[in-house]
Amino acid sequence: METVVVVIAILNALFVALFLPLVWSSTGWKEEQERARARRMAEARMEARLLRFNI
């Protein structure tokens, strides 16, 4: 019976150590994707303006 409790405790610790940070980082990942997209759009607008002035 004690070995079952130890195994469950070890599995619980592994779950917390491995999977919880992945879940918590997913919200930051979405925000980073939106910032990168906004940056690319701003760069594309600037490139379009520069091309328009060169013509």
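Residues numbered from 1 in each chain as written. Predicted model: local features only at pLDDT ≥ 70, side-chain atom pairs only at ≥ 80, totals over all residues. Heavy atoms only, no water.

Would you take a moment to explain the overall build of the protein chain for this structure?
Helix and strand counts for the protein chain come out as 1 helix and 0 strands. Radius of gyration (C-alpha) of the protein chain: 24 Å, far over the 10 Å computed for a compact globule of 55 residues. In terms of overall dimensions, the protein chain has a C-alpha envelope of 80 × 10 × 5 Å along the principal axes. Relative to its full complement of 55 residues, the protein chain shows a buried share of 2%. Surface accessibility of the protein chain: about 5,400 Å² in total, with carbon and sulfur atoms responsible for 69%. Distance between charge centroids for the protein chain: 13 Å, based on 8 positive and 6 negative side chains. (Helix = DSSP H or I, 4+ residues; strand = E, 2+ residues; numbered from the N terminus. Rg over C-alpha atoms; globule rule 2.2 N^0.38 Å. Buried < 20%, exposed > 50% of the residue type's maximum accessible area, 1.4 Å probe, protein only. Areas by Shrake-Rupley, 256 points an atom, 1.4 Å probe, with all protein chains shown as cover. Lys, Arg positive; Asp, Glu negative; His and termini not counted. Charge placed at Lys NZ, Arg CZ, Asp CG, Glu CD.)

What is the right way to look at the packing of aromatic side chains in this model?
Pairs of aromatic rings are described using the distance from one ring centre to the other and the angle between the two planes. Evaluation of the coordinates by the stated rule reveals 1 aromatic pair. For the ring pair Phe 15 and Phe 19, a centre distance of 5.6 Å and an interplane angle of 45° mean the geometry is tilted. Of this pair, Phe 15 and Phe 19 are both found in helix 1 (residues 2–54), 4 residues apart, which corresponds to roughly one turn of the helix. The class of Phe 15 is partly exposed, set by a relative accessible area of 43%. (Phe/Tyr/Trp six-rings, centres within 6.5 Å; stacked < 30°, edge-to-face > 60°.)

In this structure, what is going on with the environment of Leu 50? I would like to understand it.
Here Leu 50 is to be found in helix 1. For Leu 50, a relative accessible area of 48% corresponds to the partly exposed category. A C-alpha to C-alpha distance of 55 Å links Leu 50 and Ala 13, two positions 37 residues apart in sequence.

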